[in-house]
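Structure assessment
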Amino acid sequence: MTVPLPIDGVLPQLLHALDAVGCAVLCAPPGAGKTTRVPLALLDAQWIAGKRILMLEPRRLAARAAATRMAHTLGTAVGGTVGYRMRLDTRVSHNTRIEVVTEGVLTRMLQHDPALDNVGIVIFDEFHERSVHADLGLALTLQSRALLRPDLRILVMSATLDADAVATLLDHAPVIVSDGRAWPVETRFLARPIDGFVDSATARVVASALDAHDGDVLVFLPGAAEIRRVESSLRGATDAETDIYPLYGQLSQAVQDRALAPSPPGRRKVVLATSIAETSLTIDGVRVVVDSGLMRVPRFSPRTGMSRLETMRVTRDSADQRRGRAGRTAPGICYRVWTAADDAGLVPHRAPEILETDLAPLALELAAWGVTDPAELLWLDAPPRPSFAHARDLLRTLHAIDNAGAITPHGRALAEIGLHPRLAHMLMRARTLGIQDIAADVAALLSERDIFRAEHARDPDLRTRVDAIRTGRARTDTRADGRADAATLDRVRREAASWRARLPRADGGDPLPTSDVIPVTRPTAATASEYAGLLLAFAYPDRIAQRRAAGSGRYLLRNGRGASCDVAGSFGDAEFIAIAALDDTGREARVQMGAPLERSEIEAYFADDITTATVIEWDDSTDSVRAVRTRALGAITLEQNRITLTDDTDYAPLLLDAIERKGIDALPWTDDARALRLRIVFARTHQPDAWPDSSDPALLATLDEWLLPFLTSPRRLSDIRPDHVAAAVLARLSWDQQRSLDAFAPTHIVVPTGSRVAIDYTDPSSPVLAVRLQEMFGLADTPRIAGGATPITLHLLSPARRPVQVTRDLAGFWAGTYFDVRKDLRGRYPRHYWPDDPLHAEPTRRVRHQKGPATPGQ
């Protein structure tokens with residue numbers, strides 16, 4: 001007898017909407033029964049007419065569980081009327097009417113048969129999770145319906161969703177809302193923030209909940225590592241009647257089924273799960289939920305071209321989904337491992353995956369579909385342009401699309417494989433070279449969780465893992481302790497075997513350009529793992545890296561980014577490595593997995609990407625021009641040699657650029673040239689429109705105008721002659737300006753003794769004349785320049801040429817301050833001439849002994 005579920009009440013309305021309109025949005029909370037009741041209710045719809053029902057599930061575990069539950073309801077085996085299809089696991093037959101598929105499978109089905117001729121309806125279940133595959137699948141299905149199959153029905157189902165936005169996307173489809181069947185759930189928070197690690201706090205809450213409540217406990221943790229740590233903590237804190245089961249996507253079906261199965265009489269269980277258990281699953285017997293409040297999501301950076309997993313705070317809708325697991329079959333309780341204050345700050349929902357993920361797989365699928373611009377399709381959220389542009393750049397590097405964005409034969413072959421384009425490209429290259437068996441191992445290793453547990457995987461060398469899956473042990477010369485997780489190792493081996501079976505042997509028909517098909521050469525004694533670096537370079541050509549210095553753990557990537565290893569020497573003395581995984585959280589990315597790469601492999605297999613350029617540049621160490629021929633792979637310099645300069649090249653721009661960077665004082669100024677420039681600066685200070693700007697910035701900005709005509713094939717600073725610099729400065733003045741300058745800003749002034757004393761124009765606002773005081777006797781007024789507009793600043797010097805007075809008022813000095821200065825100077829220089837009347841005294845350059853009172857003319 002079928003147990004009534006809340007969804008039953010809206011099934012007639014739903015069937016009518018699909019019959020009349022062809023599209024609908026169904027909102028039903030957890031426990032309503034939408035996943036297992038709706039497909040069964042559609043089996044007898046007239047418009048189905050014997051066609052299949054495709055239901056898209058975002059998770060493998062949920063897909064298998066939904067198919068199993070529906071088959072049980074019908075009293076049939078999975079693979080009969082109800083079946084499922086997912087990567088590496090398919091149970092369908094010619095009798096299958098309801099086919100539950102995972103998201104990548106739907107895309108492959110659409111690519112093979114865009115009209116979906118044998119399908120009556122496509123159901124998108126749990127669409128609120130907004131995976132990139134679901135968004136892509138819906139976009140392709142909508143276009144297929146619009147162009148090829150107007151009779152194809154589309155149903156979008158969700159527990160928490162912006163139904164109006166989806167309904168608008170489906171041409172204003174009707175929205176049908178169902179009540180849920182949820183028992184009351186009490187929510188409890190921590191009294192104070194966590195002091196320590198979330199793992200430890202979660203384990204304590206679980207132990208307390210087991211003592212306080214009956215029933216099974218479902219615990220939400222961000223990832224497998226946290227699950228293992230909490231499991232280890234609970235092993236010694238639970239009684240003998242309590243079983244502990246991990247539950248995450250990488251586990252085998254048998255282990256997952258044990259976690260989902262009801263507990264035997266007299267026993268209870270704790271299920272430690274990732275977010276895989278948030279939706280579409282009812283775990284019988286669960287009365288208590290313990291939520292760590294964390295989830296792990298992938299984040300992609302178009303700037304670096306790298307993805308990384310980030311652990312972040314759970315969102316409001318996810319927290320509510322988790323809480324609802326406790327009330328699916330009876331009243332329950334939810335422990336949240338955070339405070340009520342923290343709870344108030346939860347964001348409503350996480351951003352759709354299409355806005356944050358690596359879009360290379362999506363870009364390849366669109367190219368295979370015949371779309372070069374995502375705007376050609378209908379999206380709930382369109383792919384971000386920077387991420388999509390980066391994805392297309394990668395596909396061009398992999399020869400998957402041409403410069404116009406159209407898919408190539410090689411790209412179509414990659415799309416058929418169903419792996420990330422990087423790994424698919426690696427498999428196809430390996431197939432051509434006859435090393436596809438090793439490539440299958442590498443693809444499986446990179447597709448799954450690391451076979452070495454995090455606490456033992458200190459060595460980032462991929463060769464260690466290749467050896468382990470082939471021999472069961474790690475290489476003896478690594479930092480890994482050789483222990484591999486048995487379940488993960490078994491799963492990787494099975495997946496590798498699947499890829500080996502599916503990938504055809506080389507037959508000369510590889511769609512890559514023939515220039516890329518070069519036989520791989522390795523010593524006959526080379527082990528399988530020695531090919532790991534080359535295979536990674538095929539998959540991650542943008543992450544080929546060169547060691548910065550011998551013995552260091554720092555590398556320069558082909559794309560210009562820096563990377564480093566936590567432990568120097570992880571890859572021996574290898575000059576080059578290829579990197580599969582990077583943690584891009586610091587100033588330099590941290591290498592998480594890679595393998596050594598030979599220079600000869602770069603030269604052979606990436607020859608088309610190696611550029612040769614002759615660079616003529618300025619060498620600051622020699623202050624001269626040099627020519628260098630460089631062979632490079634992106635930012636990596638493979639070879640660099642200096643070459644002889646030729647006479648037919650114009651080197652002047654490099655020289656002028658060097659002078660501009662170094663400053664105007666880099667030129668070989670003579671004293672006369674420097675003085676001339678200062679005089680022009682002074683003149684311009686008083687007559688801005690009459691004289692050229694000779695300041696440092698102005699001269700540097702116009703080097704090509706005033707200096708360049710006086711240079712003859714200069715290759716170094718020392719080639720510039722000082723007399724040429726002086727001539728270049730003077731040439732900036734017209735003949736009339738040159739004559740006027742001597743009068744307006746003279747080089748010297750003749751003082752009363754007849755001496756020609758140079759004027760210092762260093763300060764253009766106050767030129768200085770430094771002269772011994774005795775040579776100025778008899779001069780009544782301060783000398784003036786600039787047509788009499790500017791008095792000279794006089795630095796009157798002692799006989800030892802030390803300043804004793806600075807003045808611009810010579811007459812005032814003679815009338816007053818002079819007598820104080822005279823008194824001091826007579827004491828220090830008694831043999832010198834210090835007259836009582838300096839205005840009528842004879843100026844002198846010589847020492848005059850005073851035998852008696854000084855008199856004028858003495």
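Cut-offs applied
Residues numbered from 1 in each chain as written. Predicted model: local features only at pLDDT ≥ 70, side-chain atom pairs only at ≥ 80, totals over all residues. Heavy atoms only, no water. Helix = DSSP H or I, 4+ residues; strand = E, 2+ residues; numbered from the N terminus. Buried < 20%, exposed > 50% of the residue type's maximum accessible area, 1.4 Å probe, protein only. Contact = heavy atoms within 4.5 Å. Areas by Shrake-Rupley, 256 points an atom, 1.4 Å probe, with all protein chains shown as cover. Lys, Arg positive; Asp, Glu negative; His and termini not counted. Charge placed at Lys NZ, Arg CZ, Asp CG, Glu CD. pLDDT = per-residue confidence, 0-100. 1 Å grid on protein atoms, 1.4 Å probe; cavity = no way out; pocket = protein on both sides within 12 Å on 5 of 7 lines; lining within 4 Å. Points joined across faces, edges and corners; volume = space filled by probe spheres on them. Nonpolar A, V, L, I, M, F, W, Y, C, P; charged D, E, K, R; others polar. Phe/Tyr/Trp six-rings, centres within 6.5 Å; stacked < 30°, edge-to-face > 60°. Pairing = 2+ DSSP bridges. Axes fitted to C-alpha atoms, helices over the stretch in contact; angles between N-to-C directions. Disulfide = S-S within 2.5 Å. Expected span 1.5 Å × (residues − 1). Core = buried A, V, L, I, M, F, W, Y, C linked by side-chain atoms within 4.5 Å. Parallel < 35°, antiparallel > 145°, perpendicular 65-115°, else oblique. Left-handed = near helix turned anticlockwise from the far one by under 90°. Salt bridge = Lys/Arg side-chain N within 4 Å of Asp/Glu carboxyl O. Polar contact = N/O pair within 3.5 Å; in protein donor to acceptor, adjacent residues only side chain to side chain.

1. Quick look at the overall build of the protein chain
- Along its length, the protein chain carries 27 helices and 31 strands.
- Principal axes of the C-alpha set define a box for the protein chain whose edges measure 140 × 70 × 60 Å.
- Looking at the protein chain residue by residue over its 858 residues, the buried ones come to 52%.
- For the protein chain, contacts bridging at least 24 residues in sequence account for 67% of all contacts bridging at least 6.
- When the accessible area of the protein chain is evaluated, it comes to approximately 37700 Å², of which 50% is carbon and sulfur surface.
- The averaged location of the 109 negative side-chain charges in the protein chain is 4 Å from the averaged location of its 104 positive side-chain charges.

2. Considering the confidence of the model for the protein chain
- Scored by pLDDT, the protein chain has a mean of 87; 91% of the residues are at 70 or more.
- Scored below 50 in pLDDT, residues 474-482 makes 27 contacts in the model with residues more than four places away or belonging to other chains.
- With pLDDT under 50 throughout, residues 513-518 is counted as low confidence; its partners more than four residues away or in other chains account for 8 contacts.

3. Observations regarding empty space enclosed by the protein
- The full count for this structure, using the stated rule, is 3 cavities of 30 Å³ or more.
- Approximately 120 Å³ is the volume found for the largest cavity.
- Around the largest cavity sit 14 residues that line it, and Thr397, His399, Tyr605, Phe606 and Asp609 are the ones nearest its centre.
- The set of elements that each furnish at least two residues to the lining of the largest cavity consists of helix 15 (421-433) and helix 19 (532-539).
- Considering only enclosed or pocket space, the second largest cavity measures out at about 50 Å³ in volume.
- Taken together, Ala363, Leu366, Ala367, Val371, Thr372, Phe388, Arg392, Leu395, Ile401 and Gly405 form the lining of the second largest cavity.
- Where the lining of the second largest cavity is concerned, the elements lending two or more residues are helix 12 (360-369) and helix 13 (385-397).
- Partitioned by chemical class, the residues of the lining of the second largest cavity number 7 nonpolar, 2 polar and 1 charged.

4. So, unusual backbone geometry
- Phi angles above zero are rare outside glycine, and Arg130 is one such case at about 50 degrees.
- Structurally, Arg130 is set in the loop between strand 6 (119-124) and helix 5 (132-147).
- For Ala786, which is not glycine, the phi torsion reads 55 degrees and is therefore positive.
- Among the structural elements, Ala786 can be located in the loop between strand 28 (784-785) and strand 29 (790-791).

5. Comments concerning the packing of aromatic side chains
- Overall, the coordinates contain 14 aromatic pairs when judged by the stated rule.
- Considering the side-chain rings of Phe682 and Tyr761, the 5.2 Å spacing of their centres and the 55 degrees angle between planes classify their relative orientation as tilted. On the criterion of sequence distance, the pair formed by Phe682 in helix 22 (residues 671-686) and Tyr761 in the loop between strand 26 (756-760) and strand 27 (768-772) is long-range, its members being 79 residues apart.
- Residue classification places Phe682 among the buried residues on the basis of a relative accessible area of 0%.
- Both rings, one in Trp691 and one in Phe744, keep their centres 6.3 Å apart while their planes meet at 35 degrees; by these two values the pair is tilted. Linking Trp691 in the loop between helix 22 and helix 23 (696-701) with Phe744 in helix 26 (residues 735-744), this pair joins segments that are 53 residues apart in sequence. Taken individually, Trp691 and Phe744 each receive the classification buried, so the pair is uniform in this respect.
- Joined through ring pairs, the aromatic side chains of Phe777, Phe813, Trp814, Tyr818, Phe819 and Tyr833 make up one cluster.

6. Considering the sheet that holds strand 18 (residues 554-557)
- Taken together, the 5 strands give a closed barrel; going around it, the order is 17-18-19-21-20, and neighbouring strands pair in mixed fashion. In this sheet, adjacent strand axes meet at a mean angle of 50 degrees when their direction is disregarded.
- With 3 bridges connecting them, strand 17 (residues 544-547) and strand 18 associate as antiparallel partners. Residue Ala545 lies in a different strand from strand 18, and its bridge partner there is Leu557.

7. Some details on the state of the cysteines
- Overall, the coordinates contain 0 disulfides when judged by the stated rule.
- Its sulfur unpaired, Cys27 is 15 Å from the next cysteine sulfur, which belongs to Cys23.
- Accessibility expressed as a relative area gives 14% for Cys27, which makes it buried.

8. Digging into helix 8 (residues 224-235)
- An ideal rise of 1.5 Å per residue puts 16 Å on 12 residues; helix 8 measures up with 16 Å between its terminal C-alpha atoms.
- Listing the buried residues of helix 8 in full gives Ala224, Glu226, Ile227, Arg228, Val230, Glu231 and Leu234.

9. Section: the nonpolar core
- Counting 105 residues, the largest nonpolar core has Phe124, Leu138, Leu170, Leu366, Met426, Leu462 and Leu535 as its most contacted members.
- The contact partners of Leu170, leaving out residues within four places of it in the chain, are Cys23, Ala24, Val25, Leu138, Leu142, Ile154 and Val156.
- One finds Ala627, Leu655, Ile664 and Ala683 within the second-largest nonpolar core, a separate group that totals 58 residues.

10. Some words on the sheet that holds strand 30 (residues 793-797)
- Read across the sheet, 5 strands follow the order 25-26-27-30-31 without closing on themselves; strand pairing throughout is mixed. In this open sheet, the two strands that pair with only one neighbour each are strand 25 (748-750) and strand 31 (803-807). Mean inter-strand twist for the sheet, computed between neighbouring axes without regard to direction, equals 30 degrees.
- Along the sheet, helix 27 (residues 810-828) contacts strand 30 and strand 31; its crossing angle with strand 31, the most-contacted strand, is approximately 175 degrees.

11. Some points on the packing of helix 14 (residues 409-417) against helix 15
- Axis separation between helix 14 and helix 15 bottoms out at 9 Å; the angle between their running directions is 110 degrees. For the element pair helix 14 / helix 15, the angle class is roughly perpendicular. Crossing of helix 14 over helix 15 shows right-handed handedness. Two secondary-structure elements touch here, helix 14 through His410, Ala413, Leu414 and Ile417 and helix 15 through Pro421, Ala424, His425, Leu427 and Met428.
- Classifying every residue of the contact of helix 14 with helix 15 by side-chain character gives 7 nonpolar, 2 polar and no charged.

12. Observations concerning the pattern of salt bridges
- Applying the stated criterion to the full structure yields 50 salt bridges.
- Between Asp542 and Arg422 there is a salt bridge, and its shortest N-O distance comes to 2.8 Å. Of this pair, Asp542 sits in the loop between helix 19 and strand 17 while Arg422 sits in helix 15; the two residues are 120 residues apart in sequence, bridging distant segments of the chain.
- As a salt-bridge pair, Glu588 and Arg548 come within 3.9 Å of each other at their nearest N and O atoms. Remark: Arg548 occurs in the loop between strand 17 and strand 18 and Glu588 occurs in the loop between strand 20 (576-583) and strand 21 (589-597); sequence separation between them is 40 residues.
- Arg548 sits in the partly exposed class, given a relative accessible area of 40%.
- Connected through shared salt-bridge partners, Asp620, Asp623, Asp657, Arg661 and Lys662 make up one network.

13. Focus on the pairing of strand 5 (residues 98-102)
- The buried count for strand 5 comes to 5 of 5 residues, which makes it a mostly enclosed element.
- Along strand 5, one buried face is formed by Ile98, Val100 and Thr102 and the opposite face, lined by Glu99 and Val101, is buried too.
- In this sheet, strand 5 lies alongside strand 2 (residues 52-57) in parallel orientation, the contact comprising 5 bridges. The residue of strand 5 that forms the bridge with Met55 is Val100.
- Strand direction decides the pairing type here: strand 3 (residues 82-86) and strand 5, joined by 4 bridges, are parallel. Across the sheet, the residue bridging to Arg85 is Val101, located in strand 5.

14. Notes on the environment of Phe300
- The topology assignment puts Phe300 in strand 14 (residues 294-301).
- Classification of Phe300 by relative accessible area gives buried; the value is 11%.
- A sequence separation of 485 residues divides Phe300 from Ile785, and the C-alpha atoms of the two residues are 70 Å apart.

15. Regarding the side chain of Arg547
- Here Arg547 lies in strand 17.
- Nearest to the buried, unbridged Arg547 among oppositely charged side chains is Asp573, at 5.8 Å.
- Of note is the side chain of Arg547, whose polar atom sits 3.4 Å from the backbone oxygen of Ala549.
- For Arg547, the side chain forms a polar contact with the main-chain oxygen of Asp573, separated by 2.9 Å.
- What Arg547 contacts, discounting residues up to four positions off in sequence, is Ser552, Arg554, Tyr555, Gly572, Asp573, Ala574 and Glu575.

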